[in-house]
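Residue-level listing of the chains:
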Amino acid sequence: MKWFSNIFKPKPSTEIRTRNIYARGYFDGKEEYKTGRKLYSETVLEKSLSPEHRKQKVIASLECFDTAIEKGYDEPEVFSFRGMCLRDLNYDMDALDDYNNCVYKDPDRANYYYDRALTKQFIFDFEGALADFKKAIELSKLDKENTRYWNDYAKNTGYDSVTKKYEEDL
């Protein structure tokens, strides 16, 4: 009977499958992401904004990130920024979902674990936060492009390194 079941078995494809980013609006989504990132960055840097105006700008940037994802731009950084917006708006469980997505898509970035740890603290998951802080510290000690960027950022904001920042927040 084995021969009979083999008749209906699909033949393995030798065709290389790639993600068709052109068909899904990936690049349009990337532009939405850039718009949302610029808007959110301006919101964070503007200290003189009233709380209500700041909330409106965070919501506007959140809408850009949602649109980017809908159009097919599903890179980890868009989920990271959307997570920051959601956390700012006190939607901590939704923010946690986005940070989980970031860690799943790019498990070698310390800042994703750090952001997820902060979010876990807000929902009182202290064990999970501790594990993520430790992982962020571990990854921040590796010499990688992303770590070098965050080390430069940490030095510009008064820390010796991003590892020291993470250890202090732990």
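The preceding data block contains the structure.
Residues numbered from 1 in each chain as written. Predicted model: local features only at pLDDT ≥ 70, side-chain atom pairs only at ≥ 80, totals over all residues. Heavy atoms only, no water.

(A) Layout of the side chain of aspartate 98. Tracing the backbone through its elements, the reader meets aspartate 98 in helix 5 (residues 92–105). Among residues more than four places away in sequence, those in contact with aspartate 98 are Phe79, Arg82, Gly83 and Leu86. (Helix = DSSP H or I, 4+ residues; strand = E, 2+ residues; numbered from the N terminus. Contact = heavy atoms within 4.5 Å.)

(B) Broad picture of the packing of aromatic side chains. Enumeration over the complete set of coordinates arrives at twelve aromatic pairs. When the ring of phenylalanine 65 is compared with that of phenylalanine 81, the centres are 5.8 Å apart and the planes differ by 35°; the resulting orientation is tilted. Of the two residues, phenylalanine 65 sits in helix 3 (residues 51–70) while phenylalanine 81 sits in helix 4 (residues 76–88), which places them 16 residues apart along the sequence. Summarising the burial analysis for this pair, phenylalanine 65 and phenylalanine 81 share the class buried. Residues tyrosine 114 and tyrosine 166 carry aromatic rings whose centres are separated by 4.5 Å and whose planes lie at 20° to one another, so their mutual orientation is stacked. (Phe/Tyr/Trp six-rings, centres within 6.5 Å; stacked < 30°, edge-to-face > 60°. Buried < 20%, exposed > 50% of the residue type's maximum accessible area, 1.4 Å probe, protein only.)

(C) Broad picture of the packing of helix 2 (residues 26–45) against helix 4. Across the interface, helix 2 lies against helix 4 with an axial gap of 11 Å and an inter-helix angle of 40°. In terms of their interaxial angle, helix 2 and helix 4 are classed as oblique. You can see that helix 2 and helix 4 cross each other, and the crossing is left-handed. Residues Tyr33, Arg37 and Tyr40 of helix 2 touch helix 4, and the partners they reach there are Glu77, Val78, Phe81, Met84, Cys85 and Asp88. When the residues that make up the contact of helix 2 with helix 4 are grouped by side-chain class, the tally is six nonpolar, no polar and three charged. (Axes fitted to C-alpha atoms, helices over the stretch in contact; angles between N-to-C directions. Parallel < 35°, antiparallel > 145°, perpendicular 65-115°, else oblique. Left-handed = near helix turned anticlockwise from the far one by under 90°. Nonpolar A, V, L, I, M, F, W, Y, C, P; charged D, E, K, R; others polar.)

(D) The pattern of salt bridges, seen in detail. All chains considered together, the criterion is met by 15 salt bridges. The partner of lysine 34 in a salt bridge is glutamate 31, with the nearest N and O atoms 3.7 Å apart. With a gap of three residues between them, lysine 34 and glutamate 31 both fall in helix 2, about one helical turn apart. For lysine 34, a relative accessible area of 43% translates into the label partly exposed. For lysine 105, the salt bridge goes to aspartate 74, with nearest N and O atoms at 3.8 Å. Of this pair, lysine 105 sits in helix 5 while aspartate 74 sits in the loop between helix 3 and helix 4, and the two are 31 residues apart along the sequence. (Salt bridge = Lys/Arg side-chain N within 4 Å of Asp/Glu carboxyl O.)

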